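Observations on chain architecture
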Amino acid sequence: MLQERSSDLAIAAKVNLPIEKLSPALGSVDKYARIAVVHDWCPNFRGGERVLAQICKQFPNAEVFTLFDFLPAEVKEQYFRDVEFHTSAANRIPMVRKFYRSLFFFCPFLIEQFDVTGYDAVISSSAAFSRGVITRPDQPHLCYVHSPVRYAWDEQFSYLQQGNLGFGPKGMLYRYMLHRLRTWDTRTAHGPDLMLANSNYVRSRIQHIYGRDARVVFPPVSLAELPCVEDKDDYYVSASFLAPYKRTDLVIRAFNEMPSRRLVVVGEGQQSASLRSLAGSNITFSGFLPRKEYVDTLARAKAMVFAGCEDFGIALAEAQACGTPLIAFGRGGAVDIVQRLGSSHEPTGVLFKAQTVDHLKQAVERFEQNSHAIAPSACAKNAGRFSEENFDSAILESVRAVQVLHEIM
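Residues numbered from 1 in each chain as written. Predicted model: local features only at pLDDT ≥ 70, side-chain atom pairs only at ≥ 80, totals over all residues. Heavy atoms only, no water.

1. Here's the deal with the packing of aromatic side chains
The criterion, for reference: Stacked, tilted and edge-to-face are the three classes applied to pairs of Phe, Tyr and Trp rings, where Trp contributes its six-membered ring and a pair requires centres within 6.5 Å; stacked means planes under 30 degrees apart, edge-to-face means over 60, and tilted covers the rest. A 1.4 Å probe rolled over the protein chains alone gives each residue an accessible area, and that area as a share of the maximum for its type sets the label: buried under 20%, exposed over 50%, partly exposed in between. Strands are runs of DSSP state E lasting at least 2 residues, helices are runs of H or I lasting at least 4, and numbering of each runs from the N terminus. Only lysine NZ and arginine CZ atoms are considered, and such an atom sits over a ring when it is within 6 Å of the ring centre and within 35 degrees of the ring normal.
One pass over the structure, following the stated rule, counts 21 aromatic pairs. An angle of 90 degrees between the planes, with centres 5.2 Å apart, marks the rings of F80 and F85 as edge-to-face. Judged by relative accessible area, F85 falls into the buried class, the value being 17%. Centre to centre, the rings of F218 and F386 are 5.1 Å apart; their planes meet at 80 degrees, and the pair counts as edge-to-face. Placement of F218 in the loop between β7 (215-216) and β8 (236-239) and of F386 in the loop between α14 (376-383) and α15 (388-408) is noted, with a sequence separation of 168 residues between them. Across the pair, exposure class does not vary: F218 and F386 are buried alike. One aromatic cluster is present, formed by W41, F68, F70, Y100 and F129 through successive ring pairs. Over the aromatic face of F85 sits the side chain of K76, whose NZ or CZ is 4.2 Å from the ring centroid. The ring of Y210 is capped by R131, whose NZ or CZ atom sits 4.8 Å from the centre of that ring.

2. Some thoughts on the sheet that holds strand β3 (residues 84-87)
Using the following cut-off: Two strands qualify as a pair provided DSSP detects at least 2 bridges between them. Here, residues are in contact when the closest pair of their heavy atoms is within 4.5 Å. Only the contacting stretch of a helix is used when fitting its axis, a line to C-alpha atoms as for every element, and angles between N-to-C directions run 0 to 180 degrees.
On the basis of which strands lie adjacent, the open sheet formed by seven strands has the order β3-β2-β1-β4-β5-β6-β7 and parallel pairing. In this open sheet, the two strands that pair with only one neighbour each are β3 and β7. Pairing of strand β5 (residues 141-145) with strand β6 (residues 194-197), which is carried by four bridges, proceeds in the parallel orientation. The partner of Y144 across the bridge, within β6, is L196. Running at roughly 180 degrees to strand β1 (residues 35-39), helix α2 (residues 47-58) makes contact with β1, β2 (63-66), β4 (121-126) and β5 of the sheet. Most of the contacts of helix α7 (residues 200-210) go to β6, to which it runs at about 140 degrees, and overall it touches β5, β6 and β7.

3. Concerning the pattern of salt bridges
Condition: Here, a salt bridge means any side-chain nitrogen of Lys or Arg that lies within 4 Å of a carboxyl oxygen of Asp or Glu.
Using the criterion set out here, one finds 24 salt bridges in the structure. Between R34 and E63 there is a salt bridge, and its shortest N-O distance comes to 3.9 Å. On the criterion of sequence distance, the pair formed by R34 in the loop between α1 (2-14) and β1 and E63 in strand β2 is long-range, its members being 29 residues apart. Residue classification places R34 among the partly exposed residues on the basis of a relative accessible area of 35%. Shared partners join several salt bridges into a network, and the residues in it are D234, R261, K302, E365 and E368.

4. Concerning the confidence of the model for the protein
Detailed reading of the predicted coordinates is not advisable wherever pLDDT falls low. Quick note on the threshold: Along the chain, pLDDT gives the predictor's confidence residue by residue, from 0 to 100.
Residue-level pLDDT values for the protein average 91, and 93% of them are 70 or greater. The low-confidence segment residues 1-25, where pLDDT is below 50, has 42 contacts with residues more than four positions distant or belonging to other chains.

5. A few points about the sheet that holds β8
Sheet architecture is open: six strands sit in the order β10-β9-β8-β11-β12-β13, paired in parallel fashion. Whereas interior strands pair on both sides, the edge strands pair on one side only; in this sheet they are β10 (283-287) and β13 (349-352). Strand-to-strand twist in this sheet, taken as the mean axis angle between neighbours without regard to direction, amounts to 25 degrees. Note that strand β11 (residues 303-306) and strand β12 (residues 326-329) share three bridges and pair parallel. Residue pairing for β12: V305 is matched across the bridge by I327. Of the strands in this sheet, β8, β11 and β12 touch helix α11 (residues 314-321), which is tilted by about 165 degrees from β11.

6. What to know about helix α8 (residues 248-256)
Counted residue by residue, α8 has seven buried out of nine residues, so it is predominantly covered. Those residues of α8 not exposed but buried are T248, D249, L250, V251, I252, A254 and F255. Contact partners of the buried residues in α8: β8, β9 (263-266), α9 (272-278), β10, β11 and α13 (357-370).

7. Notes on the environment of A394
Its location among the elements puts A394 in helix α15. On the accessibility criterion, A394 (8% relative accessible area) is buried. For the pair A394 and Q355, spaced 39 residues apart in sequence, the C-alpha to C-alpha distance is 34 Å. Those residues in contact with A394 that sit more than four places away from it in its chain are R215 and V217.

8. Focus on the side chain of S398
With respect to the element layout, S398 can be found in helix α15. Taking the relative accessible area as the measure of exposure, S398 reaches 2% and is therefore buried. Those residues within four positions of S398 in sequence are excluded, and the remaining contacts are L142, L194, L196 and R215.

9. Brief notes about the packing of α2 against α15
The line we're drawing: Left-handed describes a crossing in which the near helix is turned anticlockwise from the far one by less than a right angle; the clockwise case is right-handed. Three classes are used, and their members are as follows: Ala, Val, Leu, Ile, Met, Phe, Trp, Tyr, Cys and Pro are nonpolar, Asp, Glu, Lys and Arg are charged, and the others, Gly among them, are polar.
Where α2 meets α15, the axes come as close as 10 Å, and the angle between the chain directions of the two elements is 65 degrees. As for the relative orientation of α2 and α15, their crossing is right-handed in sense. Here α2 contributes V51, Q54, I55, K57 and Q58 to the contact with α15, which in turn contributes E388, F391, D392, I395 and L396. Looking at the contact of α2 with α15 residue by residue, the class counts come to five nonpolar, two polar and three charged.

The following block contains the structure:
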């Protein structure tokens, strides 16, 4: 029977059947195995780094390989105590923190310089490069995909537009480098034994770009530190890194046309100055907040408003855990997170169809008219699907699955 199930697993993997159809992982994982956890880069502690920390938490002997590490000492102490970090040679370039993203064309080469061949298994946490780390043929490799490289594939044109990169010499150079990155990205797509996607949206992108299937494993949300608040204040909140693709500008434009409704914008980023100049008097900016203050602001909000297309969106799931409804663009991870008003007997938010001011305003109005139907307790219950325990179980099961593949093949 054991041999039958093992053969099942091997055959399913070889023909690239959906991972849900693979036989259950056999046996248990040695948590004290030497695991190399490869992560693109660590500029600050956001969603991807929370996933990284949770993976390291499960494997006491894990070591992190990352191109750039700018995490503050207090973050290391809290989330990565006793975890050894290995960085690329480029991490030592003076003032590299200011321009590391411009080195993207060099990153495939840098990631290939990490020697992880002596470890029992490799887990890559990838939104761009880490999946391309060189492994032994007999070395288990599990890849958690936050996203295929956004700016190299379907979002290339919006990134080029935002950077004012047309078809002049600089624009053509960038386009050629992105072409080379796509070639490398496609070549390395079949390196991992199994892929996990952080949402159904990312799963569909993996299928479209790489022709591979992936199992959806939602990122972990620390539910214990996110109390559900029933009594809400009279303001909406938008919380994200202030980058163009987050579309905070759209939220601000919409609330400029709803001057009676208050909006609190949490976060900083490359658009901070321009967004502040755009905002009306009913909109306030808090900047980055300490964790406790951030959670309190999130929990007391009438609703969280998000107009971007996120791969998953941990901030959205955290809002739900706090009992805060969501008003979000109906594409990307929000579709997995929100139990949509009109489609669920316990709705937790409203989705809108198009990234326009009018659609967002209509969604806010619909929420106002139906807010009595969206209970904070339903939002908090919904967030239970994104618990750290569920994430841990899925990662351990998946690691064991790739180990079994190498044992029987």
